[in-house]
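Commentary on secondary and tertiary structure
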Amino acid sequence: MTEHRSAPRAATTRSPGHGGTREQPMVPRAEFRSYYGRPVLKAPVWEWKVPAYLFTGGLAAGSAVLAAGADVTGRPSLRRAGRLGSAAALAASAIFLVGDLGRPERFHHMLRVAKPTSPMSIGTWIITAFGPGSGLAAVDELMPGRWRRSLLGRLVHGLARPAGMSAALVAPGLASYTAVLLSHTAVPAWNEARLILPFVFTGSAAASSGGLAMVLTRVDEAEPARWFAVCGAAAELATSRLVDTQLGLASEAYTTGQAHRWRRRSELFTAAGLIGTLLGGRRSRTVAMASGLALAAGSVFQRFGVFEAGVESAKDPKYTVVPQRERLNRSRF
């Protein structure tokens, strides 16, 4: 429950020394507050592990796509970077997720059922479907040469390509489901961005994974990674701008406070990485590495900015009350 102090009436008063009149408010401007000083919504209690999980999940997904493409086009250096990057990011993602859940068995409990209407349930199954393929492909890259001649080594090598392909097929879901998960909550800043946030996260995933591959791959093999990063960065910048301008009052949560500072850093680093990739990424390994790191950093800042915007919008009643009243008023006419 919230209480809203109605907008003040304006009183017409004569302004001394100006020979005219002007309107001055008789009471303070409207304020939104909840009873007993409590917010309308309970703010998420998640810690930094959640935005870190959002980032590493997208990084794992994009890296798997790059690895699969490199495998079929004969780019072993890029394939190795993608496979190992995907597996490492997935492992980090699992650590962050379990750390936030508190107990590992909670993840197992979510596998007992599959609810198509629950983003959390679907996301759990996406991770479960993605993990084995990504892991097996990484094992093939790490297997010592003397083991490759064994029966087990030949079996792993034979399964590595289809395993990598299976991970790449699931990757788009892994890159975007976290945005769906956030936007299907009651948190105003996330819910209002439900049509845009999946594209922000998917573009960010492509930018970061392409950037990581640029850091780990020789320049002569990294052309697919460069274009992957360029397309992802452009998509992230464009859709992030829509979040800033097209959400009505909810956009304010993204363009003020700590959320704005995070996302401003994201914009600067992503733009710098994009420009560096286009201008010098194909000629200089140093420029390619610096650009790749900038793109990855921009992706990290993006996830933390989105997370912070949601938390702050849940704390302030106006982000809940004002849109509800606007929808109610529209329905009356």
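That block above? That's the structure.
Attention in this report is confined to the structure presented alongside it. Treat the numbers as computed from the prediction; the structure is a model and nothing was measured.

The next point concerns helix 8 (residues 197-216). Taking 1.5 Å per residue as the helical rise, helix 8 with its 20 residues ought to reach 28 Å, and the 29 Å between its terminal C-alpha atoms agrees with that figure. The buried count for helix 8 comes to 16 of 20 residues, which makes it a mostly enclosed element.

What follows is about the packing of aromatic side chains. Across all of its chains, the model carries five aromatic pairs by this definition. What links up through ring pairs into an aromatic cluster is the set Trp262, Phe269, Phe301 and Phe304. Here the guanidinium or amino end of arginine 265 rests over the ring plane of tryptophan 262, the centre of that ring lying 5.1 Å away. The residue whose ring lies beneath arginine 303 is phenylalanine 201, and the NZ or CZ to ring-centre distance is 4.4 Å.

Taken as a whole, this structure holds 16 salt bridges when the rule is applied. One salt bridge connects aspartate 220 with arginine 218, and the closest N-O pair in it is separated by 3.1 Å. Judged by its relative accessible area of 42%, arginine 218 falls in the partly exposed class. Between arginine 264 and glutamate 267 there is a salt bridge whose closest N-O contact spans 2.9 Å. Placement of the pair is arginine 264 and glutamate 267 together in helix 11 (residues 257-280), with a separation of three residues, close to one helical turn. A residue is classified by how much of its surface remains accessible, and glutamate 267, at 25% relative accessible area, is partly exposed. Three or more residues joined by partner-sharing salt bridges are found here, namely Asp71, Arg79, Arg80, Arg83, Asp140, Glu141, Arg148 and Arg161.

Rules behind the numbers
- Residues numbered from 1 in each chain as written.
- Predicted model: local features only at pLDDT ≥ 70, side-chain atom pairs only at ≥ 80, totals over all residues.
- Heavy atoms only, no water.
- Helix = DSSP H or I, 4+ residues; strand = E, 2+ residues; numbered from the N terminus.
- Expected span 1.5 Å × (residues − 1).
- Buried < 20%, exposed > 50% of the residue type's maximum accessible area, 1.4 Å probe, protein only.
- Phe/Tyr/Trp six-rings, centres within 6.5 Å; stacked < 30°, edge-to-face > 60°.
- Lys NZ or Arg CZ within 6 Å of the ring centre and 35° of its normal.
- Salt bridge = Lys/Arg side-chain N within 4 Å of Asp/Glu carboxyl O.

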